[in-house]
Amino acid sequence: ISGYDVGLRWYAPFLPNFYMETQLAKTNSKGEIYPWEREWYAYPQVMSYDWYPALSVGSGTGILYQDARVSTQFDAKVTLLAKRHEVKFGLGGQEMKWDNFNGYTGGALYDVRGNMTADPFSARPQDYAYVFRSSLQNPHTKEHGRYYAAFAQDTWSLTDTLNLSYGLRWERSELRPRSGQRASLDSWSPRLGLTWDFTGNGKSKLYAHWGQYYERVPMAATYMMDRGHERYYDVYAMGQHVSHNVFGQVPMTVLSGTKNQYSEEFLVGAEYEIMPDAVLGLSCLYRSLGRVLENVGYVDPATGTFSFYLMNPGTGQWPAVMNAWARVLPDYERFPNPIRNYSAYTLTFDKRFSDRWHLNASYTLSFLKGNYEGGSGGYSVDILGPNISSAYDFPQHILIQNRYGWLPQDVRHNLKVQGSYRFDWGLVVGANLWWHSGRPLSRQMDYPLSGPGYGTIFVAPRG
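Residues numbered from 1 in each chain as written. Predicted model: local features only at pLDDT ≥ 70, side-chain atom pairs only at ≥ 80, totals over all residues. Heavy atoms only, no water.

### Concerning the overall build of the protein
Then step 1. Check the secondary structure of the protein and you find two helices and 26 strands.
Then step 2. Taking the principal axes of the C-alpha coordinates as reference, the protein spans close to 80 × 45 × 45 Å.
Then step 3. Split into buried and exposed, the 463 residues of the protein put 41% on the buried side.
Then step 4. In the protein, once contacts between residues fewer than 6 apart in sequence are set aside, the share between residues at least 24 apart is 65%.
Then step 5. Taken as two groups, the 43 positive and 42 negative side-chain charges of the protein have centres that lie 4 Å from each other. (Helix = DSSP H or I, 4+ residues; strand = E, 2+ residues; numbered from the N terminus. Buried < 20%, exposed > 50% of the residue type's maximum accessible area, 1.4 Å probe, protein only. Contact = heavy atoms within 4.5 Å. Lys, Arg positive; Asp, Glu negative; His and termini not counted. Charge placed at Lys NZ, Arg CZ, Asp CG, Glu CD.)

Structure follows, in structure tokens:
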């Protein structure tokens, strides 16, 4: 892993009530994963699922990986103080370049099950009852992406004890593959907040805030939108070639009407200074998923291959070609609406440093429930790929059932305490405590042994 970051910042107080900050930065990073010995480049990895966890029984390391990223960023913000208003506005952008090679040693990866020999560590795929071979047409890709944003907001002191804040943010995420269809996703994010000193003496605060937050779409999806990056999946059972599946023969296309992913958030809380330099607070947060941006698989009726749309699953978007799944999947079923609801109740105590000691403590009781874990992978999806996870690849009942429940990121209890004490002779002693409860567990199994589907299924309700 190597890289460098360089940046230039400019702070400019033009007038007592007019202030600007600007920055220009560039990031260059490179990561590589290769076999230690060059001779092992030619050997494929054989992963035996007769063992748990899966055991590599071959000589190949499986992955040949090189990732180079260059990012150029610019943003400028202006603050204007005018009577009872504090106005802020700004703009920014980012240009991204991505050069990636992500392939297999030996040109393929083998998943095997059912060893039929006396050697439990046999590296010969033909010694197993079931063999699954994955290979790629071209593991090398060079892509581009862009991001733009602009915002305006105002904090208005309606009275000496009541403040109103409101604003609007515009964003555009662009996916620009070297060849193939490009994606440009615009979004408008409104924000509204209110703060009230209900005692009128500067010791209290009652606040509420509502806003929408859109995803800054990462570049992971661009390689699927590029031509010439098919993925092949061959299944062998008892030495017989059962199926040859082709994914991405048609580059991923953006379905008409597709919009960016967003969540909606509402926060309400109160704080009160119960003693000098000590504030007690309580807040309630509710966050819900408004829309998901994901790749959704479909069958090409003419060729029988599998390709993908970039779309908003679970909405009214459902192209007619999706019904071709009914001829392939016996339990074909449309995807349900994506659900991800989070609520949190937080009690805080903050004692600023005085009389030789300070203490910050918080306890959060939270609940996270739904059927969508998020695009960065999880227990029910087998890929770390934002917006291109396997969650919506196959509209199949067995893959959809039992997915609603407590999500793996659900942590019911979270306690944090930080404090310190200063002795007369200058010694300061401090301590930090963090305790949280465990995460929900789900009963799952690998699925299937053959056919177009893959991944895991829930054999009981999630969580």
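### A closer look at the pattern of salt bridges
Then step 1. Tallied over the entire structure, the rule returns 15 salt bridges.
Then step 2. For Arg84, the salt bridge goes to Asp160, with nearest N and O atoms at 3.3 Å. Within this pair, whereas Arg84 is found in the loop between strand S5 (64-82) and strand S6 (85-103), its partner Asp160 is found in the loop between strand S9 (140-157) and strand S10 (162-176), the two being separated by 76 residues in sequence.
Then step 3. The partly exposed category is assigned to Arg84, whose relative accessible area is 39%.
Then step 4. The exposed category is assigned to Asp160, whose relative accessible area is 73%.
Then step 5. The salt bridge involving Arg146 is made with Glu95; its shortest N-O contact spans 3.0 Å. Of this pair, Arg146 sits in strand S9 while Glu95 is found in strand S6, placing the two residues 51 residues apart along the sequence.
Then step 6. On the accessibility criterion, Arg146 (25% relative accessible area) is partly exposed. (Salt bridge = Lys/Arg side-chain N within 4 Å of Asp/Glu carboxyl O.)

### Quick notes on unusual backbone geometry
Then step 1. Pro53 follows Tyr52 through a cis peptide bond whose omega is -5 degrees.
Then step 2. Note on placement: Pro53 falls in the loop between strand S3 (45-48) and strand S4 (55-56).
Then step 3. Phi angles above zero are rare outside glycine, and Lys83 is one such case at about 55 degrees.
Then step 4. The residue Lys83 is located in the loop between S5 and S6 in this model.
Then step 5. The residue Asn402 is not glycine, and still its phi comes out positive at about 65 degrees.
Then step 6. Position of Asn402 relative to the elements: it lies in the loop between helix H2 (397-400) and strand S22 (405-406).

### Focus: the environment of Gly93
Then step 1. Note that Gly93 resides in strand S6.
Then step 2. When the C-alpha atoms of Gly93 and Phe74 are compared, they prove to be 5.4 Å apart, with 19 residues separating the residues in sequence.
Then step 3. Leave out the neighbours within four places in its chain, and Gly93 touches Thr72, Gln73, Phe74, Tyr147 and Tyr148.

### Some details on the confidence of the model for the protein
Then step 1. Averaged over every residue, the pLDDT of the protein is 91; the share at 70 or more is 96%.
Then step 2. Taken together, the stretch residues 378-382 has pLDDT below 50 and engages in 18 contacts with residues farther than four places along the chain or on a different chain. (pLDDT = per-residue confidence, 0-100.)

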